[in-house]
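Overview (structure and organization)
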Amino acid sequence: QVQLVESGGGLVQPGGSLRLSCAASGFTFSSYGMSWYRQAPGRERELVAVITRTGGSTNYANSMKGRFTISRDNAKNTVYLQMNSLKPEDTAVYYCNADGGRWPWGQGTQVTVSS
């Protein structure tokens, strides 16, 4: 049974940082590219960042470039999202999944950026 468990969210002031983690189980983690997505209230889920199976290549949505960094540890079946210079518009529930949203979604982790 596939499980994706996101953690690390919270309340942070504008300009602050957070590091999200996503622990994956139930599939061969190293065989899949992984992505982070987010969904703000009243908006559709959007792609934030992607990373290839080995971690050798990454890509980001334009508004996250230079602020967010995706990484993975295949030995720990975990993908990370380091978020710096956070803005109020980054407030959303953040989710991880294999590329294309292949697996059932986890519960996500809430990120709130507010002063």
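Look a little higher up for the structure.
Residues numbered from 1 in each chain as written. Predicted model: local features only at pLDDT ≥ 70, side-chain atom pairs only at ≥ 80, totals over all residues. Heavy atoms only, no water.

Some details on the overall build of the chain
Summing up its helical and strand segments, the chain has zero helices and 10 strands in all. When the elements of the chain are put in sequence order from the N terminus, they spell out β-β-β-β-β-β-β-β-β-β. In summary, the chain has a C-alpha radius of gyration of 13 Å against a globular reference of 13 Å for 115 residues, a match within 12%. With the principal axes as the frame, the chain shows a C-alpha extent of 40 × 25 × 20 Å. For the chain, the residues scored as buried account for 42% of the 115 residues in total. Within the chain, residue pairs in contact and separated by at least 24 positions form 52% of the contacts whose partners lie at least 6 positions apart. Just so you have it, the chain exposes about 5,900 Å², and 44% of that area is on carbon and sulfur atoms. (Helix = DSSP H or I, 4+ residues; strand = E, 2+ residues; numbered from the N terminus. Rg over C-alpha atoms; globule rule 2.2 N^0.38 Å. Buried < 20%, exposed > 50% of the residue type's maximum accessible area, 1.4 Å probe, protein only. Contact = heavy atoms within 4.5 Å. Areas by Shrake-Rupley, 256 points an atom, 1.4 Å probe, with all protein chains shown as cover.)

So, the sheet that holds strand S8 (residues 78–83)
Spatially, the four strands line up as an open sheet ordered S1-S3-S8-S7, and their pairing is antiparallel. Edge positions in the sheet fall to strand S1 (3–7) and strand S7 (68–73), since each has one partner strand and no second. With strand direction ignored, the average angle separating the axes of adjacent strands in the sheet is 15°. Across six bridges, the pairing between S7 and S8 is antiparallel. Each residue of the ladder has a partner; that of Ile70, found in S8, is Leu81. (Pairing = 2+ DSSP bridges. Axes fitted to C-alpha atoms, helices over the stretch in contact; angles between N-to-C directions.)

Concerning the nonpolar core
Across soluble globular proteins, you tend to see nonpolar side chains buried next to one another. Residues Trp36, Phe68, Val79, Leu81, Met83 and Tyr94 are the most contacted members of the largest nonpolar core, which totals 29 residues. Contributions of two or more residues to this core are made by strand S3 (18–25), strand S4 (34–39), strand S5 (46–51), S7, S8, strand S9 (92–98) and strand S10 (109–113). The contacts of Tyr94, once residues within four sequence positions are left out, are Glu6, Leu20, Trp36, Tyr37, Arg38, Val48, Phe68, Leu81, Met83, Gly108, Thr109 and Val111. (Core = buried A, V, L, I, M, F, W, Y, C linked by side-chain atoms within 4.5 Å.)

Observations regarding the side chain of Arg38
Structurally, Arg38 can be placed in strand S4. Of the residues examined, Arg38 reaches a relative accessible area of 7% and is grouped as buried. Looking at Arg38, its side chain comes within polar contact range of the side chain of Glu46, at 2.7 Å. Of the polar contacts made by the side chain of Arg38, one reaches the side chain of Asp90; its length is 2.9 Å. Residues in contact with Arg38, not counting those within four places in the same chain, are Glu44, Arg45, Glu46, Val48, Ser63, Met64, Phe68, Glu89, Asp90, Ala92, Val93 and Tyr94. (Polar contact = N/O pair within 3.5 Å; in protein donor to acceptor, adjacent residues only side chain to side chain.)

Observations concerning the packing of aromatic side chains
Each aromatic ring pair is described using two quantities: the centre-to-centre distance and the angle formed by the ring planes. Within the structure shown, the criterion is met by six aromatic pairs. Here Tyr95 and Trp105 contribute two aromatic rings whose centre-to-centre distance is 5.9 Å and whose plane-to-plane angle is 80°, an arrangement assigned as edge-to-face. One end of the pair, Tyr95, is in strand S9; the other, Trp105, is in the loop between S9 and S10, with 10 residues separating them in the sequence. Among the aromatic residues, those joined into a cluster by ring pairs are Phe27, Phe29, Tyr32 and Trp103. In this arrangement the basic side chain of Arg102 is found over the ring face of Trp103, its NZ or CZ atom lying 6.0 Å from the centre. (Phe/Tyr/Trp six-rings, centres within 6.5 Å; stacked < 30°, edge-to-face > 60°. Lys NZ or Arg CZ within 6 Å of the ring centre and 35° of its normal.)

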